[in-house]
Amino acid sequence: MNVKRTNLAPLLIALALLPGTAWAQVTVVNMIPNAQSNETGQDSEPNLTVNPGNPLQIAGSAFTRNPTGATTTAPIFVSINGGSTWTMNNIVPSGNGMTGDITLRFGSANFLYGGTLRGGSGLTLNVLRTSNFTAASTMSLLRSRSNVDQPYVQTGTTAGGLDRVFVGDNDLAAASGRTATVDRTLSGKVATPTWSALRLEPRTTCGQDGPPIRTAVHPDGTVYAIYYRYRPPSPCVTPLATDVVVVRDDNWSSTTPTFAALTDPGDGLAGRIVVSNIRVPFINSSQSTFGQERFVSSNVSIAVDPGNSSRVYIAWADYPGGVPPYTLHVRRSDDRGVTWTAGDLITIVNATNPALAVNSAGKVAFLYQLNTPQGVPLANQRWETHVRRSTDLGVTWNDMILANTSASAPAVTFIPYIGDYVHIQAQGKDFYGVFSASNLPNLANFPQGVTYQRNANFTTQQLFRTDGVTPVAVSIDPFFFKIVEP
Amino acid sequence: MNWKHVRMGLALLAILGWAVPGRAQSPAADPLRELTKAADLVFRGTVLKPGAANLEIVEPNDKTAVVRVDEILAAAGTLDDFTGREITVFLRDASAKAGEQGVFFTTVALLGESLGVVEVGRRGPEVPRSQVAAAREQLRAEGVRARMEASGLAVSGRVVSVKAAAKADGGGVITEHDPQWREAVVEVRTVLRGQLAEKTVSVWFPGSQDVMWAQAPKLEAGREGTWLLHRHEAAGRGPVWAVLDPQDQLSDEEAGIAGGGTTP
């Protein structure tokens, strides 16, 4: 029961009203394969990567359990047809059949890299690699160390074909509470890559930096990173007094000092403080006032224009003035991070999971998930997944809703409910991304249309096991999307 | 003495003894047991198309075959029922012939429009379901005993109170993966492993609902059970007894396998 449904009316209206959307082809696919039609897991916090050498090859991840009960491996999602269909491949080393935080990124020559907190091993960072992501062989372990949080992988490839691999992470064992870190190798494809833990934080903190450290890599060797600096004094308390800091390296971080090319005019230290002393909440429990999601200060994003390494966009989340609602902000720099737009290019209230990407034409895309309506009981709340795109450097934005799903069904089984992050990337002129949402097969929930591989009946709005008749409860699934630009 | 558990354990062992042929052999010498141990999907099947595959991402070769699942003999986890469906088998060798029947011992590698399973061994189609089931039960019992042996203290009893543990572990670090330790006092009825002089024991467990800890046992006041406890170094507190792995909270049946024990 492979179902492709498209509700054309909203799409046509959008096309008519939003010039930036004209002729873009949008594909949304539920990534759970047919053989997993019975699954009811909370497949949240997804990630995605497109093979730059072959965009038909795409890999994804989520908090997805190995359905065989095996504890030694956990699955990733793989596609070899541009995301039209997906297969789960149990190749991530694990101790409990799941991963902790996980991100994936292709390098060159079909090499796929992964950063994960090894399932069943707490805050143990594993950096992984495979040269054949559809093979059954378990990914090989390139690096392992403890006390690390939220590994987020990016790659770049030199003109000579060397894979530079950057794993942004929060190294909670770093000295003096300066925990923002990038684990980096300059040659990812060799048998045993050499790794360095590059410290980003030159300033004092309240004891640590925030969990998310994200990088953006340009082919000319420019590498940016963004992180939340938690300001002194100690102890760190919510809402956290925070600076949003951007660092830059101009040569793949291959020479010391690394990530020191950008300094702040206030103190002369490495790292431009883009906004200072904002308040970021850290409330690590499911919030009925926010679609069952939590606030764990994990929402920064950065993207560099592939046609101009001086142009970079950032996004972050905070409590403006120290109070709700959780609010997303986007800004831009055109001079390598030295100066930034004075105000937000766009501000989104009561939303989470900001993610940015810039395509080969300089069009910027902003993916996020909006909890709406604000202030209503949980039963009436929705999660709207939006992609906004701008062709004029963020002055004006169109708006495309990929999903509008219940925020109350299913009930949360663990946190994060939909994830502490999502992902979007550009491949040439096109955008590819992933988000997690309730999988109720209701066409009205997916304004751009949707394809399910798992057994679903959109008329009765029911899910079924592989037998096609036994009902299955709704759950959180990962959804792939692709926007083919004109 | 928890006689309910003892009786269940004896009954299970009796079943295993009757059901497993060649029980005089050492477990490691039983090839069917070893195959069952290595497999997470065991099925009776018929080879339909040697050299073929029915998963798009699989390139067919002489070591792949499309096989019809005639009967599931053992399946682990939450795998759906694939009886009657065709799946792709990565064969150990290229010897499969169309129409050939057998019992396939496999691990599940791929889940797409169908299954892709890796053959770890094959036996003739005459292997009875009961033989595989008995091997799995034996393995499960061995697993429970091994887990108990690996624990520092194993107790049966009742949770009398639960409170937040003193905030020491982690030293105030802010992470979404904070275990949010909680401390339960368990009134011990039986000690299955280790030494315990007192009639109660303090047990730490992660109270967090974060993905890293959500599966960990959550002890609640009034709950009866059996737990396999491990030493955990809590910063500023020293070693405490803790339970983290969901497999360390035993079902009644597993507790029966674990055996009798002593009264503290």
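Residues numbered from 1 in each chain as written. Chains lettered and ligands numbered in written order. Predicted model: local features only at pLDDT ≥ 70, side-chain atom pairs only at ≥ 80, totals over all residues.

Asks: Account for the sheet that holds strand β16 (residues 223-230) of chain A, with residues named and values stated.
Replies: Residues and elements named next belong to chain A. Within the open sheet, the four strands sit side by side as β15-β16-β17-β18. Their pairing is antiparallel. The sheet is open, and its two edges are formed by β15 (209-217) and β18 (272-280), each paired on a single side. Neighbouring strand axes in the sheet, compared pairwise and without regard to direction, differ in orientation by 20° on average. As judged from the six bridges shared by strand β17 (residues 240-249) and β18, these two strands associate in the antiparallel manner. Residue pairing across strands places threonine 242 opposite isoleucine 278, the latter belonging to β18. (Pairing = 2+ DSSP bridges. Helix = DSSP H or I, 4+ residues; strand = E, 2+ residues; numbered from the N terminus. Axes fitted to C-alpha atoms, helices over the stretch in contact; angles between N-to-C directions.)

Asks: Explain the interface of chain A and chain B to me, and be specific about the residues and the numbers.
Replies: Taken residue by residue, the interface counts 47 residues in chain A and 34 residues in chain B. No other element matches the four residues that strand β6 (residues 87-93) of chain A contributes to the side of chain A that touches chain B. Partitioned by chemical class, the residues of the side of chain A that touches chain B number 19 nonpolar, 23 polar and five charged. Here β6(A) pairs with strand β4 (residues 101-111) of chain B via two bridges, running antiparallel. Looking at the pairing, Met88(A) lines up with Leu111(B) of β4(B). (Contact = placed C-beta atoms within 7 Å. Nonpolar A, V, L, I, M, F, W, Y, C, P; charged D, E, K, R; others polar.)

Asks: For the pairing of strand β35 (residues 476-484) of chain A, give the residues involved together with the corresponding values.
Replies: Residues and elements named next belong to chain A. Taking burial as the measure, the nine residues of β35 include eight buried ones, the bulk of the element. Of the pairings in the sheet, the one linking strand β2 (residues 25-30) to β35 comprises six bridges and is antiparallel in character. The residue of β35 that forms the bridge with threonine 27 is lysine 482. In this sheet, β35 lies alongside strand β30 (residues 430-438) in antiparallel orientation, the contact comprising eight bridges. When the bridges of β35 are listed, phenylalanine 431 appears paired with isoleucine 483. (Buried ≥ 20, exposed ≤ 12 C-beta atoms within 10 Å, placed from the backbone.)

Asks: With reference to specific residues and values, describe the sheet that holds strand β23 (residues 327-333) of chain A.
Replies: All names here are of chain A. Overall, antiparallel pairing links the four strands, which are arranged β21-β22-β23-β24 in an open sheet. A single partner strand is all that each edge strand has here, and the edge strands are β21 (300-305) and β24 (346-349). Direction aside, neighbouring strands of the sheet carry axes that sit 15° apart on average. For β21 and strand β22 (residues 308-318), the ladder comprises six bridges, and the chain directions are antiparallel. Each bridged residue has a counterpart across the sheet, and for aspartate 305 the counterpart in β22 is asparagine 308.

Everything listed is a geometric property; what it means functionally is a separate question.
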